[in-house]
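Structure at a glance
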Amino acid sequence: MSVNNPQLSKMLAIMRQQPGNAELALFLGARLEEAGNAEQAVALWSLGDDVGGFVRNVRNDSRATKEMQADSKLANGKICERLTKLHDQSIDDFERHSGERVPRIRRGIWCLTNNEEFEFADPLQKPVIFYVPELSVQPVWDGSQLQKLSPLVDGFSQVASEYSVAAEKLNLTEPYVPRSTPGREWLKLRGTLDWSALYLFKDSKPTENTQLFPETVKLFEQLDIVRVNQNPMEIFFSRLTPGAHIPPHFGLTNSRLTVHLPLTVPNNCAIRVKDREHCWTPGEPFAFDDSFEHEAWNRSEEDRVVLIFEIHHPALSPSECNAIEYCYAARDRWLNNRRKILGWD
């Protein structure tokens, strides 16, 4: 889309060469909004906010100028308004094409960009991305509630055997907490292999490691897990080294359960979810709603290894699960299209 203002067009061209300049994105977005280029303004603000959340958060920074605070307040409101509208449109489209009504998902909340105030069902439940109201508030699900995972349980020895062979190869693992992760709580794990991951699927795409796990991949083909474009959203082996501690944090959504299939579990290793502490048993699945506060530790002298993947919350219907993934896909399309909206691609 073009901007019918030579000066703004020139500034956008400059901004294209400085995509990480959040302060410029805040200022220029406000000028685009004033000129009636609302869609471009939101796209630019959103791109600028990707850099540390400056664009939306500086509205609350007493050190910022009043002009910056005002622009930031405007940016935050317009981003929330646009993305809340996108959710409503996505549900309309889904219901029209599927013929299914999904009122509970329509009431779903994108926590970072919701246009109205909201509260979670539990003070220790704070999903970062998406929240479905009215789902059962159950932090932990034991093996007796996970009967649909029986093919994986039955094939546990194959999974363990393939991991044992792969674990001897170098450079297969990567830090689970990237070096760029913000927050002081991640300082000890940021960019290290103290908490590492060996991915089979990441961001809904298979990795080169899948060829080392043919039997494990076959087992997952029998399971109803979270998938995007037919691929598992995420499957990885999580290793926690001796002395490592994963600090208390919250996951992305309450619409999914995180499942652990433990492989290697020495003594003095555990996970806490809300107020429940759990010690893993090799071969026995353990699932939890990671929208609740949780942490894990390894106080032993050996590695702890679990296989991790995600399933849909059991209380959701197939139509509701499809609607959620439809909304995620619509949101991803908008995010991926921001540069095109600005005429940069």
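Reference entry: report on the structure contained in this document. Chains are numbered independently. Their residues run from 1 in the order of the written sequence. Where local features are concerned, this predicted model is filtered to residues with pLDDT of at least 70; where side-chain atom pairs are given and counted, the filter is 80 or more; whole-chain, interface and lining totals use all residues. By convention in this description, side-chain values take in all heavy atoms of the structure and omit both hydrogens and water.

**What about the overall build of the protein chain?**
Let me state the cut-off plainly: Helix and strand definitions here come from DSSP, where helices need a minimum of 4 consecutive H or I residues and strands a minimum of 2 consecutive E residues; each element is numbered from the N-terminal end. Think of it in three bands: residues with accessible area under 20% of the maximum for their type are buried, residues over 50% are exposed, and the middle band is partly exposed, with areas taken using a 1.4 Å probe on protein chains only. Contact definition: two residues touch when any of their heavy atoms are within 4.5 Å. Note on areas: Shrake-Rupley, 1.4 Å probe, and residue coverage restricted to the protein chains presented here. Under this rule, positive means Lys or Arg and negative means Asp or Glu; His and the chain ends count for nothing. The atom standing in for a charge is NZ when the residue is Lys, CZ when it is Arg, CG when it is Asp and CD when it is Glu.
In terms of regular secondary structure, the protein chain is built from 11 helices and 16 strands. On the principal axes, the C-alpha backbone points of the protein chain span a range of 65 × 45 × 40 Å. Going through the 345 residues of the protein chain one by one, you find that 50% of them count as buried. In the protein chain, the proportion of contacts linking residues at least 24 apart, taken out of those at least 6 apart, comes to 70%. Within the structure as shown, the protein chain displays about 17,700 Å² of accessible surface, and the carbon and sulfur contribution to it stands at 48%. The average position of the 39 basic charges and that of the 48 acidic charges among the side chains of the protein chain differ by 6 Å.

**Here we look at the side chain of T84**
Its location among the elements puts T84 in helix α5 (residues 66-98). Sequence-distant contacts of T84, that is, excluding residues within four places in its chain, are made with T113, N114 and N115.

**Remarks on the pattern of salt bridges**
Definition in use: Within this document, salt bridges are pairs made up of a side-chain nitrogen of Lys or Arg and a carboxyl oxygen of Asp or Glu, the two lying within 4 Å of each other.
The tally for this structure, following the rule as stated, stands at 21 salt bridges. Its salt-bridge partner being R104, residue E320 comes within 2.8 Å of it at the nearest N-O pair. With E320 in helix α10 (residues 318-336) and R104 in helix α6 (residues 103-106), the pair connects residues that are 216 residues apart, well separated along the chain. Neither residue differs from the other here; E320 and R104 are each classed as buried.

**A few points about unusual backbone geometry**
Backbone geometry places E134, a non-glycine residue, at a positive phi of 75 degrees. Judged by its relative accessible area of 52%, E134 falls in the exposed class. Even without being glycine, N268 reaches a positive phi, approximately 65 degrees. Mapped onto the elements of the fold, N268 is located in the loop between β11 (256-264) and β12 (269-273).

**With respect to the environment of I129**
Inspection of the secondary structure puts I129 in the loop between β1 (109-110) and β2 (130-131). The class of I129 is partly exposed, set by a relative accessible area of 24%. Between the alpha carbons of I129 and W110 there is a distance of 5.6 Å; along the sequence they are 19 residues apart. Those residues in contact with I129, other than ones at most four positions away along the chain, are I109, W110, C111, L112, L252 and Y328.

**Considerations on the sheet that holds β12**
Selection rule: Pairing between two strands requires that DSSP report at least two bridges joining them. Axis definition: a line fitted to C-alpha atoms, limited for helices to the stretch in contact. Angles are taken between N-to-C directions and run from 0 to 180 degrees.
The strand order β10-β15-β12-β13 describes an open sheet built from four strands, whose pairing is antiparallel. Two strands in the sheet have a free side with no partner beyond their single neighbour: β10 (245-249) and β13 (276-278). Across the sheet, the mean angle from the axis of one strand to that of its neighbour is 15 degrees, orientation sign disregarded. Strand direction decides the pairing type here: β10 and strand β15 (residues 294-298), joined by three bridges, are antiparallel. Looking at the pairing, H245 lines up with W297 of β15.

**Observations regarding the pairing of strand β5 (residues 195-202)**
Across the eight residues of β5, seven count as buried, placing the element largely inside the fold. The sheet contact formed by β5 and strand β9 (residues 235-240) spans six bridges and is antiparallel. From the neighbouring strand, Y199 faces β9, where its bridge partner is F236. As defined by bridge partners, β5 adjoins strand β6 (residues 205-206) across two bridges and the pair is classed as antiparallel. Looking at β6, one finds that F201 is bridged to P206. Where β5 folds back on β6, the antiparallel hairpin that results is connected by two residues, among which D203 adopts a positive phi of roughly 55 degrees.

**Examining helix α2 (residues 22-34)**
This is how the line gets drawn: Helices are assigned an expected span. That span is 1.5 Å times one less than the residue count.
Over its 13 residues, α2 extends 18 Å from the first C-alpha to the last, a length consistent with the 18 Å expected when each residue adds 1.5 Å. The buried fraction of α2 amounts to 10 of the 13 residues, a majority that puts the element mostly inside the structure. Of the positions making up α2, those classed as buried are A22, L24, A25, L26, L28, G29, A30, R31, L32 and E33. Against the buried residues of α2 lie α1 (6-17), α3 (38-49), α4 (54-57) and α5. At the C-terminal side of α2, G36 shows a positive phi close to 90 degrees.

**Quick look at the layout of surface pockets**
Short version of the rule: Here a cavity denotes a set of grid points, spaced 1 Å apart and computed over the protein atoms alone, in which a 1.4 Å probe fits but from which it cannot get out, and a pocket denotes an open set meeting protein on both sides within 12 Å along at least five of seven lines; residues with an atom within 4 Å of a point are reported as lining. Grid points are joined across faces, edges and corners, and a volume is the space filled by probe spheres set on the points. Nonpolar residues are Ala, Val, Leu, Ile, Met, Phe, Trp, Tyr, Cys and Pro. Charged residues are Asp, Glu, Lys and Arg, and all others, Gly as well, are polar.
Empty space within the second largest pocket amounts to approximately 460 Å³. K148, D224, I311, H312 and P314 are, among the 19 residues lining the second largest pocket, the residues nearest its centre. When contributions to the lining of the second largest pocket are tallied by element, the ones reaching two or more residues are β16 (304-312) and α10. With four residues, the single largest contributor to the lining of the second largest pocket is α10. Across the lining of the second largest pocket, the residue classes tally to nine nonpolar, six polar and four charged.

**As for the side chain of D71**
Relative to the elements of secondary structure, D71 occurs in helix α5. A relative accessible area of 13% means that D71 is categorised as buried. With residues near it in sequence (within four places) discarded, D71 still touches L26, F27, A30, R31 and W45.

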